[in-house]
Structures are given as C-alpha cells and as structure tokens.
Amino acid sequence: MLHIVNKSPYEKSALDSCLRVAQPGNALILIEDGVYAATRGAGAEKLQRAAASLKIYALAPDLEARGIRERVIDGVTLVDYAGFVDLVANHSTNQSWL
Amino acid sequence: MLHIVNKSPYEKSALDSCLRVAQPGNALILIEDGVYAATRGAGAEKLQRAAASLKIYALAPDLEARGIRERVIDGVTLVDYAGFVDLVANHSTNQSWL
Amino acid sequence: MEEGQQSGGKVKKFMFLNRKAPYGTVYALESLEVVLITATFDQDVSVVFMDDGVFELVKGQNTKAIEMKNFSPTYRALDGYDVEKLFVERESMEARGLTEADLLVPVEVLSSAEMGQLMAEQDVVLSF
Amino acid sequence: MEEGQQSGGKVKKFMFLNRKAPYGTVYALESLEVVLITATFDQDVSVVFMDDGVFELVKGQNTKAIEMKNFSPTYRALDGYDVEKLFVERESMEARGLTEADLLVPVEVLSSAEMGQLMAEQDVVLSF
Amino acid sequence: MKIGLMVNEGPYTHQASDSAWLFARAALAAGHQISRVFFYHDGVNNSTRLTEPPQDDRNIVNRWSNLADEHQIDLVVCVAAALRRGIKDENLAKGFRISGLGQLADMGIKADRLVVFGD
Amino acid sequence: MKIGLMVNEGPYTHQASDSAWLFARAALAAGHQISRVFFYHDGVNNSTRLTEPPQDDRNIVNRWSNLADEHQIDLVVCVAAALRRGIKDENLAKGFRISGLGQLADMGIKADRLVVFGD
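As the structure is a computational prediction, the values presented were derived from the model and not from experiment.

Conventions adopted
- Residues numbered from 1 in each chain as written.
- Chains lettered and ligands numbered in written order.
- Predicted model: local features only at pLDDT ≥ 70, side-chain atom pairs only at ≥ 80, totals over all residues.
- Heavy atoms only, no water.
- Helix = DSSP H or I, 4+ residues; strand = E, 2+ residues; numbered from the N terminus.
- Rg over C-alpha atoms; globule rule 2.2 N^0.38 Å.
- Buried < 20%, exposed > 50% of the residue type's maximum accessible area, 1.4 Å probe, protein only.
- Contact = heavy atoms within 4.5 Å.
- Areas by Shrake-Rupley, 256 points an atom, 1.4 Å probe, with all protein chains shown as cover.
- Lys, Arg positive; Asp, Glu negative; His and termini not counted.
- Charge placed at Lys NZ, Arg CZ, Asp CG, Glu CD.
- Arc of directions from axis to C-beta.
- Pairing = 2+ DSSP bridges.
- Core = buried A, V, L, I, M, F, W, Y, C linked by side-chain atoms within 4.5 Å.
- Buried area = accessible area lost by both parts, 1.4 Å probe.
- Salt bridge = Lys/Arg side-chain N within 4 Å of Asp/Glu carboxyl O.
- Polar contact = N/O pair within 3.5 Å; in protein donor to acceptor, adjacent residues only side chain to side chain.
- Patch = residues over 30% accessible without salt bridge, like charges linked within 9 Å, V, L, I, M, F, W, Y side chains within 5 Å.
- Phe/Tyr/Trp six-rings, centres within 6.5 Å; stacked < 30°, edge-to-face > 60°.
- Lys NZ or Arg CZ within 6 Å of the ring centre and 35° of its normal.
- Axes fitted to C-alpha atoms, helices over the stretch in contact; angles between N-to-C directions.
- Right-handed = clockwise from strand over helix to strand, strands pointing away.

Visitor: I would appreciate a short explanation of the overall build of chain C in the present structure.
Guide: Helix and strand counts for chain C come out as 4 helices and 5 strands. For chain C, the sequential pattern of α-helices and β-strands runs β-α-β-α-β-α-β-α-β. Computed over the C-alpha atoms, the radius of gyration of chain C is 15 Å, within 12% of the 14 Å expected from 2.2 N^0.38 for a compact globule of 128 residues. Residues classed as buried in chain C amount to 61% of the 128 residues present. When contacts within chain C are restricted to residue pairs at least 6 apart in sequence, long-range pairs at least 24 apart make up 75% of them. Looking at chain C as shown, the accessible area adds up to about 4900 Å², and 47% of this sits on carbon and sulfur atoms. Charge centroids of chain C, computed over 12 positive and 22 negative side chains, lie 3 Å from each other.

Visitor: I keep staring at helix α1 (residues 14-21) of chain B and nothing clicks. Help me out?
Guide: Inspection of α1(B) places B:Ala14, B:Leu15, B:Ser17, B:Cys18 and B:Val21 among the buried residues, and these make up the whole buried set. Projected down its long axis, α1(B) carries its buried residues within an arc of 160°, all on one side. For α1(B), the elements touching its buried residues are β1 (2-5), β2 (27-30), α2 (44-50) and β5 (94-97) of chain B together with β3 (85-89) and α4 (112-120) of chain D.

Visitor: Got a minute to help me understand the pairing of strand β5 (residues 113-117) of chain E in this structure?
Guide: The two faces of a sheet get side chains in turn, since along a regular strand they alternate between them. Residue and element names in this part refer to chain E. Among the 5 residues of β5, 5 are classified as buried, and the element is accordingly described as predominantly covered. Sheet analysis places strand β1 (residues 2-7) next to β5, joined by 5 bridges and oriented parallel. Following the sheet pairing, Leu5 is matched in β5 by Val115.

Visitor: Explanation requested: the side chain of E:Ser65 in the structure shown.
Guide: One can find E:Ser65 in helix α2 (residues 60-71). Not counting residues up to four positions away in its chain, the partners in contact with E:Ser65 are E:Leu75, E:Ala93, E:Lys94 and E:Phe96.

Visitor: What's the story with the side chain of B:Ser13 in this structure? I'm lost.
Guide: Mapped onto the secondary structure, B:Ser13 falls in the loop between β1 and α1. Judged by its relative accessible area of 15%, B:Ser13 falls in the buried class. What B:Ser13 contacts, discounting residues up to four positions off in sequence, is A:Tyr10 and A:Glu11.

Visitor: In this structure, what is going on with the nonpolar core? I would like to understand it.
Guide: The nonpolar side chains of soluble globular proteins are, as a tendency, buried together. Formed by 265 residues in total, the largest nonpolar core has its most connected members in A:Leu30, B:Leu30, E:Phe23, E:Trp64, F:Phe23 and F:Trp64. Sequence-distant contacts of E:Phe23, that is, excluding residues within four places in its chain, are made with B:Tyr81, B:Phe84, B:Val85, B:Val88, E:Ile3, E:Leu5, E:Val115 and E:Phe117.

Visitor: How do you make sense of the arrangement of the chains when you look at a structure like this?
Guide: Considering only C-alpha positions, the minimal separation of the non-contacting chain A and chain E is 13 Å. As for chain F relative to chain B, no contact occurs, and the smallest C-alpha gap between them is 13 Å.

Visitor: How do you make sense of the interface of chain E and chain D when you look at a structure like this?
Guide: Put simply, an interface is often sized by how much accessible area is lost when its parts join up. Listed as interface residues are 27 residues of chain E and, on the opposing side, 26 residues of chain D. Both faces combined, the contact of chain E with chain D buries some 2200 Å², and carbon together with sulfur accounts for 56% of it. In this structure, the connection of chain E to chain D is made through 3 salt bridges. Between E:Arg84 and D:Glu30 there is a salt bridge, and its shortest N-O distance comes to 2.8 Å. At the junction of chain E with chain D, the criterion picks out 10 residue pairs in polar contact (both at pLDDT 80 or more). Only β1, β2 (33-39), α3 (79-85), α4 (102-110) and β5 of chain E provide two or more residues apiece to the side of chain E that touches chain D.

Visitor: How should a negative patch on the surface be read in this particular structure?
Guide: Among the surface-exposed residues, C:Asp42, C:Asp79, C:Asp82 and C:Glu84 lie close enough to one another that they form a single negatively charged patch. With respect to the helices and strands, the residue C:Asp82 is situated in the loop between α2 (73-77) and β3 (85-89).

Visitor: Would you explain the packing of aromatic side chains in this entry?
Guide: For any pair of aromatic rings, the description consists of the separation of the ring centres together with the inter-plane angle of the planes. One pass over the structure, following the stated rule, counts 26 aromatic pairs over all chains. With a centroid separation of 6.4 Å and 40° between ring planes, the pair formed by A:Tyr81 and A:Phe84 is classed as tilted. Here A:Phe84 and A:Tyr81 lie together in helix α4 (residues 81-90), a separation of 3 residues that amounts to about one turn. The exposure class assigned to A:Tyr81 is buried, which follows from its relative accessible area of 7%. Measuring from ring centre to ring centre gives 6.2 Å for E:Phe38 and E:Tyr40, while their planes differ by 45°; the resulting arrangement is tilted. We classify E:Phe38 as buried; its relative accessible area is 0%. Counting every residue linked through ring pairs, the aromatic cluster contains A:Tyr81, A:Phe84, F:Phe23 and F:Phe117. C:Arg96 extends its terminal NZ or CZ atom over the ring of B:Tyr10, reaching a point 4.5 Å from the ring centre. Lying over the aromatic face of F:Trp21, F:Arg63 brings its terminal NZ or CZ to 4.1 Å of the ring centre.

Visitor: Would you explain the sheet that holds β5(B) in this entry?
Guide: What holds strands together in a sheet is hydrogen bonding between their backbones, with the strands either parallel or antiparallel. All names here are of chain B. Spatial ordering of the open sheet is given by β4-β3-β2-β1-β5, a layout of 5 strands whose pairing is parallel. Both edges of this open sheet fall to β4 (76-79) and β5, since each of them pairs with a single strand only. Strand-to-strand twist in this sheet, taken as the mean axis angle between neighbours without regard to direction, amounts to 25°. By the bridge criterion, 4 bridges tie strand β3 (residues 55-59) to β4 in an arrangement that is parallel. Counted as the bridge partner of Leu59 is Val79 from β4.

Visitor: Sorry, what's going on with the pairing of strand β3 (residues 74-78) of chain F here?
Guide: Residue and element names in this part refer to chain F. Counting buried residues in β3 gives 5 out of 5 residues, a clear majority hidden from the surface. Every second residue of β3 is oriented toward a common face, with Asp74, Val76 and Cys78 on one face and Leu75 and Val77 on the other, all of them buried. The sheet contact formed by strand β2 (residues 33-39) and β3 spans 4 bridges and is parallel. The partner of Phe39 across the bridge, within β3, is Val77. After leaving β2, the chain enters helix α2 (residues 60-71) and then returns to the sheet as β3, a path that is right-handed. Here β3 runs beside strand β4 (residues 96-99); their pairing, made up of 4 bridges, is parallel. Its bridge partner being in β4, Val77 is matched across the sheet by Ile98. Taken together, β3, helix α3 (residues 79-85) and β4 form a β-α-β motif whose crossover is right-handed.

Visitor: Can you help me understand the sheet that holds β3(D) in this one?
Guide: Residues and elements named next belong to chain D. Strand order in the open sheet made by the 5 strands is β4-β3-β2-β1-β5, with parallel pairing throughout. Because the sheet does not close on itself, it has two edges, and the strands there are β4 (108-110) and β5 (124-127). When strand polarity is set aside, the average angle formed by the axes of neighbouring strands in this sheet is 25°. Both β3 and β4 contribute to a ladder of 3 bridges, which runs parallel. Each residue of the ladder has a partner; that of Phe87, found in β4, is Glu108.

Put into structure tokens, the structure is as follows:
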C-alpha cells in the first residue's frame, strides 16, 4: 500500500498518524509541504526511524520549488510526477493523509 | 495582549507556538477547534502548565457545539461571544494564531 | 467515456477515513454525505474515525449557540443505510481522553496496527 | 462611515506574521502583497517569519517543475519599499535545520521571548 | 470602539466566517462599531450571490448582507484575491464592494481593534 | 490503467489542484487513462469561468478545461458542494459538468485507482 503525505511535519500531525498506522513494507511518498519531512531538521528523525520498515519517496519538483532538494536526508528516493504515477499504478491501494 | 487560538492541539502546532511566545500576564482565548485544548486529554497538560502565567479563556458556544463543555479542565474561564468581544476591547493588541 | 463496460456486479472495498473535528471545518459533514450516497451502491463500506475524527462521534453536541446544523444524529442513522462497519483507532480515542461510552454509536475499536491492516485491504480510500 | 475623521498623521505599528510554508498554500504570496501595499501608507511595519514561515525565505527556490510563480525574489525587493524590519524566530529556524546563511535576505533573529515582547508592542497584527 | 474584521476563509468549509459574523453581531450588541469587514484569501468567496445552501442550513452570504444593511457595515472584497478566485461584480452579493488592499491597511490605521478570522 | 482523481480544495489557495493537474498530465503521458476528476468540498471552486489570475501566473481553471478537451476527461463538480459555494451553470467553465455524489462512488467502482488531493 502507498501512503501519500502532503503536510509539513512541523505544522501538522498527519505524518505522525501515517507512521503510527503504516505497516512494514508499505511505501510512503511525501508531496507538497510534506517534503519538508525529507530534509535535515528536527522533522528528519521520525522519518529516518520509519525508513527501516517503509520505502520512502519524495516528489522532487516540490523539493526544488522550496529550495531544499540539496537538504534531503539519506534513505529517501526522489521521484518526479511520472514516478509518482508509477507508484500509484504499482500499489493496489493508496491513501492521502489530508 | 490577547492571543487567539482556533486550532486543535492534536492536529496542529499553533497552540505550541503561541505558548512558546506568549509573555507572562498575556491572555489566551481558545475558539473553534482550539477549544479541544481546554478539555481532558493529552492536550490538557500543556495548557495546565501555561495557566500558571497566562489567563486562559475558552468560547463556550464552541465547546457546546462539540459536546465537550462538561470536560473542561480547571483554570479555564468560559465566555460567550459577548465575553470574547470584551476581551478584544480590553486588550490593546490581539493576534490570531492561524 | 467507456466506463460503462466495466460496471455490473463488481463489489469493492471502500474506506471513508475521517480525521477532522466537526464544525471547525466542513469535512466531517460532507464526508457523511458521501457515505450515505455510496451506501446505495451496494459496495463494502467501512467508515473510520481516527485522529480528531473521533471527535465527530462525541455525544451531546449542541450547536445552538454557533447557529450551525448539528449533524451528529446522522451517525446514528447510518445503521439504517446498512453502513454497519464503524471503526475507531484506540490510540486516537485514548489520547483525547475519550472512551467508547463517550461516543454516539457502537464502534469497533482497533489498534494502530489493526487499522493499518484494514487500510491495506481496501480498494478505495477516500480521506477527508 | 465616519472613519475619515480619524485619519491623518497617525502612525501605527503593524506586524505581518508569516507562519506558513510557501507553495503548499497561497498565504505566503498573498501576505507579501499586503506588505507591499501597506508599506505605501507610511506605517511602522514589521514582518515576522516563524514556524513554517521561515521556509518562505529559503534560498534557491525553483518552481519550474511545479509551474507556479517563484515569488521569493520579492523578499529581496522589500528593502526598496522601505520595509526593513524583518524578524525570524530563532527556535523556528533552528528546529528546521536552518541558519541565517540559508536565507535570502538579512533578518534580525529573535528569541521566542523577544518575539513575544515585539508582538505585544504592536497595534495591529495581521496573521497569515 | 471601532472594530475592524478580516476574514480569510470562504463560507462553510472553515468556521472562520461563522465566527466572524457571530463576533460582529455580539460587538454591535455591546455598542461597538464594526467599521469594516475585509475579505481576503478564500474569504472573498463569502461574497458570491450564487450560494444556495440546504434549506435547513444557515445562509452565510445573506447573513453578511443583512448585517451590513442593518448596521451600515462596509464589506470589502479584495480585488486581487477576488480575480484569482472568480468573484466579480456579476456574481457579487448585495452589500459587498470590491476594492484594493489599501482598504485593509486603512482599516488597520483607523480602527481601534482589528481581529483576524482564518484557517 | 484507469485512474480517477478527487480534488478537495479550490484553486490557488492550496496546492491540491496544481498537484492533481500535474499528476493527471503525467499519467496521460505514461499511457494511463484519467477516467474522471471529481471536484468536492472547496474543490468545486476550480470550475468557475470567472477566475482571472495575474498575467504572469498559471490559469488553473483553463488548464483543467484544456486537459479535459484534449483527452476527453470527465470533469464532474459535486452539485451539493457547488450550491453551498455559489457554483452554478451560469458561472461554470468549459468542460466541467455539475452532477451528484453518485459520480464519485461510480468512479471509485470503475477506476483501477483513485487518488485524493486535498488540504
């Protein structure tokens, strides 16, 4: 299953809720303000822990827009929109944590 | 000064930011989803600590709408809209933590 | 559109995921409207309340003083629409100082892990 | 309206409080538009960046692939509008792993307590 | 006391417009003046004359129009925000006017208090 | 693969509509079909023909109209959500149609994937 998180980990609890519920082997893609979780900072810790059991992606166009592409932490795979589409196609279930 | 918080303490960090910045003697009114912070639950702790230095109010109409008026913790003064208006009038500065 | 070709007899698992408090935003109300319509399509419907969505089910809501419509009685009516699978995540409920006795309707309480498994079994998850 | 009677010569302290990240929502952009207009009214203007608002000032924004307008160069132009008081809350900046060197414009960095004092001195706080 | 209000969210989706209206009514009842209500961001969507909520629900747009009519309140919709979102004179409700952001600064200068309602 | 999209927020204020459009374009480029886009909540505001963004900004409404025209995408605006927010046939942009919530359920049943974009 693919989880989609579009919220900043500093502003909202959406990522926390996703990580609490996500099952080992699930995939997670960070988009929009959610990409801040993929970068260095206090929000990175929880993601790094999660990377042990989840496959984690972040949308490169959203990282670039925010000027933080160079700040991405290890363990996160960058994808473009085509990659986002592939992730949706390759997982029978997806869920947006709005 | 009067701080206005309308966000759930479980969903957003607005209350945390307000409490980090608010100065001793300031007033705080919780409205809309912000009123959940005034009730029993994990969100109550931070408010109870803050009540030592801030005067804390919650909007009763919003508590009643959400069925939680009976769950309000000690140290919070309930007001109606007229009381909210008085608080705004009685403080030269107010700020909404949107 | 060629969609009509695929219809007929197919039953999918639909999950409606409610994570927002009522009245502060309209999502809870408009989510209920979707649930009621989807129920008429004879699909396998689950309605989930987690995070602040648990607050949607709190008893004793009285919206008179904010002059909005109190839509919480509708949760009691879901049963009549054959929407019987209501789930609450235990961690969300407990963090908010709530117990099942505080809720308007009977629900099945799931752990976070059980909730994650239930989600992964769905065909469609509509989140609000 | 009788407001005209009160105008003329009055200088008030206006604070513009930016707490949202850019692009995910429009608040950062539309806040800038208000700052630029208000600057023409000869008031005492402070612009504050705290919480995710600090992200508005990050260098190197490139919006080409999301096909939105990159409005971050406008922060550099504020100086030309005599908007010179830009403040960043230290705790917000540090929590996000940022330093002043990562920001587009020179700012004054304040502690949370200093920020609270600055806010309390204002006549009007517009938050976005 | 002269109180100005800023409303940053549209009708129904967020409680902001409801809260602002109830606040305005209470302020007027207490003898204060609501000098202006400035609608910004999605707040401009409060001014469309085309809303038609369910019969058993409040009509947020009409409530503002009526309050403005009864108490001579200046309801100002930001022109830049309105153009982005499709609010123009042709779908503007009674009692609202479209004007520039200068009206917000002006309200901040002239009012004794300014309260912001948003998301 | 048939992919359906749900858009829950209006244009400009949240990135949801931008993300959904870029996703749709990429999906089409990869050979998938976008069977329908369902606009709900404030998402209905994406369908007003009256938006007029600044010259140097994208026109979100027209982008949807054009994509629908080029790829025969069914753009459905929820009637109940639209009435609350002042979207009617008189201000509806080209390529959109107003219909019931049943179209969302129908999309969920018939599409292979459904992706939700919102706040």
